[in-house]
Each structure stands twice: as C-alpha cells, then as structure tokens.
Amino acid sequence: MSIQVNFETNESDQVIVHWADMIAERIIKERTNPDGSQRDSFVCASGITPSGTVHIGNFREIISVDLVVRALRKRGKQVRFIYSWDDYDVFRKVPKNMPNQEMLIQHLRWPIVLVPDPYGEQESYARHHEVAIEKILPKVGVEPEYIYQAQNYRSSRYAHTIKIALEKKDTIEEILNEFRTEHLEGEWWPISVFSNFTNQDTTTVTAWDGEWQITYQDDKTKQTETVDLRTSSAVKLPWRIDWPMRWSVEGVDFEPAGKDHHSQGGSWSTAEKLCEAVYGIKAPISFQYDFISIKGRGGKISSSSGEVIDLYDVLEVFTAEIARYMFAGTRPNTEFSISFDLDVIKIYEDYDRTERLYYGLESIDASHASTIERTLAKEKRIYELSQVADQATSLPFMPLQIPFRQLCNLLLTFNGDLDRVISAFPGTAEARAKGQLDQSPAGLENMRRLTERSTCAWNWLKNFAPEDFTFTIKTPEDQLASLSQTELHALHGLQEIVEGKTGVWGQGRNLQGWEDKELQNAIYQMARERAMDPKAFFQTVYKVLIGKTAGPRLAGFLKTLGKDWLVALFERY
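In short, a report on the structure. Just so you know, these numbers come straight off a predicted model, no measurement behind them.

With that settled, the discussion passes to the overall build of the protein chain. The helix and strand inventory of the protein chain stands at 23 helices and 14 strands. Radius of gyration (C-alpha) of the protein chain: 31 Å, far over the 25 Å computed for a compact globule of 573 residues. Each principal axis of the C-alpha atoms in the protein chain carries an extent, and together these give about 105 × 60 × 45 Å. The burial tally for the protein chain puts 54% of its 573 residues in the buried class. Excluding contacts between residues fewer than 6 apart, the proportion of contacts in the protein chain whose partners are at least 24 apart in sequence is 68%. Of the charged side chains in the protein chain, 66 are positive and 82 negative, and the gap between their average positions amounts to 4 Å.

To continue, consider the packing of helix H20 (residues 516-529) against helix H22 (residues 554-561). As a packed pair, H20 and H22 sit with axes 8 Å apart at the nearest point and diverge in direction by 105 degrees. The pairing of H20 with H22 is recorded here as roughly perpendicular in orientation. Together, Asp516, Leu519, Gln520 and Ile523 of H20 and Leu554, Ala555, Gly556, Leu558 and Lys559 of H22 make up the contact between the two elements. For the contact of H20 with H22, the per-class residue count stands at five nonpolar, two polar and two charged.

Right, let's get into the side chain of Asn152. Inspection of the secondary structure puts Asn152 in helix H5 (residues 149-154). Setting aside residues no more than four positions away along its own chain, Asn152 makes contact with Ile147, Arg157 and Tyr158.

One broad trend across soluble globular proteins is that nonpolar side chains are buried collectively. The biggest cluster of nonpolar side chains holds 124 residues, and the ones touching the most others in it are Phe318, Ile338, Trp460, Leu494 and Leu545. Of the residues forming this core, the biggest block, 10 residues, is contributed by helix H2 (residues 56-74). Apart from the residues lying within four places of it in its own chain, the contact partners of Trp460 are Val317, Phe340, Asp341, Leu342, Val344, Ile345, Phe404, Cys408, Ala465, Pro466 and Phe469.

Taken as a whole and assessed by the stated rule, the structure comprises 39 salt bridges. The partner of Glu250 in a salt bridge is Arg157, and the shortest N-O contact between them spans 2.9 Å. In this pair, Glu250 sits in helix H8 (residues 239-250) while Arg157 sits in the loop between H5 and helix H6 (159-167), placing the two residues 93 residues apart along the sequence. The class of Glu250 is buried, set by a relative accessible area of 10%. Put simply, Lys559 and Asp516 hold a salt bridge, and the shortest N to O gap is 2.8 Å. Here the residue Lys559 occupies a position in helix H22, and Asp516 occupies one in helix H20, the gap between them amounting to 43 residues. For Lys559, a relative accessible area of 18% translates into the label buried. The exposure class assigned to Asp516 is partly exposed, which follows from its relative accessible area of 36%. One network of salt bridges, with partners in common, ties together Asp21, Glu25, Lys74, Arg75, Arg381 and Glu384.

One non-glycine residue, Asn100, lies in the positive phi region at around 50 degrees. Residue position: Asn100 is located in the loop between strand S4 (78-85) and helix H3 (101-105). Exposure remark for Asn100: the relative accessible area of 45% places this residue in the partly exposed category. Residues other than glycine seldom take positive phi values, yet Ser156 does so here, at roughly 65 degrees.

Scoring rules and cut-offs
Residues numbered from 1 in each chain as written. Predicted model: local features only at pLDDT ≥ 70, side-chain atom pairs only at ≥ 80, totals over all residues. Heavy atoms only, no water. Helix = DSSP H or I, 4+ residues; strand = E, 2+ residues; numbered from the N terminus. Rg over C-alpha atoms; globule rule 2.2 N^0.38 Å. Buried < 20%, exposed > 50% of the residue type's maximum accessible area, 1.4 Å probe, protein only. Contact = heavy atoms within 4.5 Å. Lys, Arg positive; Asp, Glu negative; His and termini not counted. Charge placed at Lys NZ, Arg CZ, Asp CG, Glu CD. Axes fitted to C-alpha atoms, helices over the stretch in contact; angles between N-to-C directions. Parallel < 35°, antiparallel > 145°, perpendicular 65-115°, else oblique. Nonpolar A, V, L, I, M, F, W, Y, C, P; charged D, E, K, R; others polar. Core = buried A, V, L, I, M, F, W, Y, C linked by side-chain atoms within 4.5 Å. Salt bridge = Lys/Arg side-chain N within 4 Å of Asp/Glu carboxyl O.

Structure representation (structure tokens):
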C-alpha cells in the first residue's frame with residue numbers, strides 16, 4: 001500500500017494534514033470489534049533481526065511506528081507498541097565491521113542468540129546489538145515494549161501455532177508457490193530445525209507424527225533425533241510463515257515494512273494470504289517505507305557489509321528533535337537523504353522556521369493564501385511529532401534559537417567554548433531577563449536544548465564541515481599577514497572605527513553600539529576614502545583575522561571578537 005497524502009477530515013470535521021494521523025484514522029476505522037463498533041486499544045508492531053549494526057534505515061521503521069502510535073494516543077486510544085527482536089534467526093553472514101571475524105565465522109548457521117558477542121560485553125552477539133538500540137531509542141522519545149523471539153521459541157510459546165502450520169502444510173505450500181518461479185518440490189515442511197548436535201540449521205525434517213513429535217536428521221553428522229514441539233527449543237517457522245503467525249499471537253493491527261517486503265511477490269504478499277488461510281485473521285494495516293541515503297559521509301548503508309550509519313552517528317550532528325523532524329516531515333514512501341555536508345545548515349534552518357510557525361512568531365507567505373491554513377496546520381503537527389516528549393512541547397515559550405550558521409561562527413570564534421558562545425549571542429540577555437535560562441524546569445530544558453545543539457554543531461564542524469566553511473582565529477603568536485601600504489592604511493582606519501576615536505569614524509561610539517548595517521556601511525565608506533575597493537578590503541580583514549579571504553559577516557564578526565582583542569591584533573600591524 002502506498003500512502004496518498006490527501007487532506008481528509010475525521011468525524012469531528014478536523015482537517016487531517018499529517019500522514020501519521022491519516023494512518024491512525026484508518027486503523028480506527030478499519031480495525032473494529034466483531035460487531036463493527038470502534039475499539040479503544042490497538043497493537044502496533046515493528047521488529048528486526050539483530051544480525052549486525054541496526055542502521056538509520058532500520059530506524060525509519062521504528063520512528064514511523066512511533067509517529068502512528070502517537071497519533072492514535074492523541075485520539076484517546078490505548079496502544080501497545082511492540083518491537084520484536086528476531087534473535088532466533090540464522091546467523092548467515094559476518095559483517096565486515098565486526099571484530100573477531102574468525103570466531104564469528106565458526107558460528108555461521110547458528111541461531112543469532114547463541115553466537116558469542118565478539119566484543120565480550122554481552123551474553124550474545126544478538127544481545128550486543130539489541131542493547132545498543134535499547135539504550136539510544138529513549139533519547140529520541142521512542143520506548144516500545146521489547147519481545148525477544150528466541151525466548152518465545154525456546155520456551156515453546158509457539159508450539160501450538162507451529163502445529164497449525166504443520167496441519168496446514170499443503171495450503172501454505174500452495175500459497176508460497178503462487179509467488180515462486182521455481183515451485184517447492186519433494187518432501188517440503190513449513191518448519192526449520194536447529195540441530196541439537198551442531199546448533200546449526202543444516203537439517204532435514206524426516207517425519208511428523210501428526211501431533212507434537214518431529215524427527216529430523218543432521219545433514220553434517222547424519223545423526224537423527226525426535227523432538228516434542230511442546231518442550232523442544234529446536235523448531236522454528238521460516239520468516240514468511242513466522243510473520244503472520246506472530247501477528248495472530250500478538251493481535252497486531254499495524255506494522256509497516258520496507259519496499260523490498262512490499263514488492264510484488266515479496267514477503268508481505270505471502271504473509272497477507274497466510275493470515276486468513278492458516279491462522280484465520282486479517283492482515284494488519286501496513287504501508288511501504290522507502291530507503292534512506294547518506295550525503296557527506298560516503299558508502300552505502302548495508303548491515304552485512306558493515307558500511308552503516310546508525311542513530312548514534314546521526315545524533316552526533318543532529319539534536320534529538322531534529323532527528324525526529326527529518327522523519328516526521330517526510331512521507332514514509334519517499335526516499336530522502338540524511339546529510340552530513342552543508343545541507344546540515346538548511347535542515348536546522350527548516351526546523352527553526354517550523355518552530356517559529358508553531359509559536360506564532362512567523363507566518364506563511366501571503367502569496368499562498370489558499371493553502372495557509374492547511375500548511376500552517378501541517379507545520380505545527382510536524383513540530384509536535386518532532387518533540388521528544390509525547391506532547392505538543394515541553395516548553396511554555398519558544399526555545400532560544402541561535403541560528404545554526406551563526407552558532408557555527410560563534411563556536412569557531414571561541415573554539416567550542418559554550419559559555420562564551422552563549423554570552424556572545426545577542427538574544428541571551430533577553431532570554432535571561434524573561435526567565436528562559438534560569439534554574440526552573442523550563443529554563444533548564446531550554447539550556448539543555450541549546451547545549452545539545454551547540455554540541456552537535458561543534459561535532460559537525462570538527463568532523464564533517466567543508467574546509468572552506470571553517471576557520472581558526474589568529475593568535476598573537478601567528479605570523480602576520482603580508483599587507484601592502486594601502487591595505488595597512490585602511491586597516492588602521494578600521495582600528496579607529498573599532499576604538500571609536502572622537503572625531504573619527506566612530507565619533508566616540510562603543511563598538512557594541514553599532515547596528516550591523518551601520519557598521520558595515522562605515523567600513524565601506526572608510527575603505528573608499530583610503531583608496532581601497534571595499535570588497536578587496538573585506539578580503540584583507542578576513543586574511544588578518546582568520547587567514548582566509550572570506551568568513552562570517554564582518555560587522556557582527558567584529559562585534560563578537562570585541563574591541564580589546566581587535567585592537568591588540570591590529571596594533572601588531
């Protein structure tokens with residue numbers, strides 16, 4: 001199913017503008033009680049095999065379910081959000097980014113839950129990857145109920161549903177063959193068995209007694225064994241049968257899947273048919289989500305190859321709210337890129353605009369008057385869903401915004417010193433006066449967001465920003481720039497402006513007393529009167545300050561650096 005994002009209304013005639021709300025409305029409408037009445041509770045599901053690092057592409061499914069869960073809860077519904085770790089799947093391939101490769105190779109074809117952790121930290125390879133995700137998800141406001149399929153299978157929780165699959169063997173085979181170019185032949189069984197002799201799934205089922213007893217042969221050792229489904233941990237269902245089986249056990253109402261599963265003849269097609277034919281249930285509502293690409297880091301996302309970008313990597317550069325924003329603001333069936341290049345600036349700027357719209361501090365362009373109401377409603381809803389807390393916002397006021405580009409310039413100017421950055425930002429004093437940076441819960445939350453944004457910006461500057469975007473302030477120990485006499489004459493004129501000498505350009509005015517535009521114009525005029533082209537002079541000043549010919553907007557940059565520092569530098573010339 002592809003999501004068509006059309007504006008709809010619910011029974012209260014409220015305009016529905018976000019895809020998550022559209023899906024929530026569909027779930028409420030279609031997943032009713034047997035008598036047709038509306039239900040008050042639903043089950044939304046997601047899951048993955050922990051075969052390697054859980055990358056940001058996998059996170060798209062998790063966050064998509066979370067957004068729908070929030071939309072349902074906003075409508076007063078109770079929601080069970082489950083996340084299945086398919087840790088009883090077969091360990092098929094060793095990812096290249098894992099240590100102890102030789103040890104892992106020796107455990108191929110084992111259930112992942114029995115493969116040792118190559119890092120020596122957790123009880124298994126599977127648990128290592130599970131813990132990594134379970135620790136990070138709460139930071140972006142995602143807290144599902146985890147289900148460990150290895151526990152379910154090994155405790156024989158699924159004995160009865162496995163027996164149903166065996167009883168419906170012919171029906172399952174017929175449905176699977178509908179979607180196969182090469183039909184299943186010979187003595188095929190809808191189960192697989194992990195050998196109790198080798199722990200591997202290289203086995204052949206040889207008999208079923210029609211009840212609970214399964215006999216298999218280990219293909220390597222040629223040993224045979226008969227096990228009881230009610231007590232054995234060896235038997236499991238293949239993926240295409242396992243999926244609808246678990247929907248029946250957990251009563252799942254909604255679960256999305258990637259485009260590979262939703263492709264023609266993919267696992268969704270078979271699972272949907274098996275639901276009714278084998279387990280007598282209706283398949284959950286679903287949608288297809290698309291892939292994610294990465295810009296500015298190189299490499300294709302692939303768990304098996306080890307070329308992965310995970311949520312930890314993303315949160316190094318993007319705050320938790322903006323990480324959510326990128327997914328909340330994009331339809332699931334649309335491919336998009338997570339950028340680590342200069343597009344990072346635009347992503348922050350887009351989020352800030354959405355935030356200002358939410359708090360009524362910016363308006364939609366009047367030239368689009370016919371869509372203002374809906375556009376504003378959509379932006380506000382995206383902002384709500386972007387917040388870590390499951391509510392509109394945890395602040396009674398708009399968080400203090402330091403525009404990302406300006407924040408980067410301040411961080412570079414003060415070499416990452418957050419206290420100096422905050423003190424230098426013009427809006428800080430006003431925020432303190434309003435109690436927005438005090439020790440109250442709201443003030444502390446505001447400071448947390450500001451600190452998180454600054455940390456992310458600094459990480460980006462150090463690790464990903466293009467070289468021509470960054471700069472380093474010159475120190476007294478650095479070699480002086482080579483300047484012509486004309487350049488020196490103009491630089492001394494700038495020094496007079498900075499010092500505010502009486503009767504000269506500043507007319508006694510303190511550097512901080514200038515408006516940026518006024519200061520810019522004064523520098524232009526002074527440069528011309530000292531026989532320099534203003535553009536060439538600006539390049540000269542940047543060369544003196546940062547050793548480059550371009551940099552932050554000069555007027556604001558000079559005010560940030562301050563009179564004392566500038567005079568000390570200029571006097572060296």
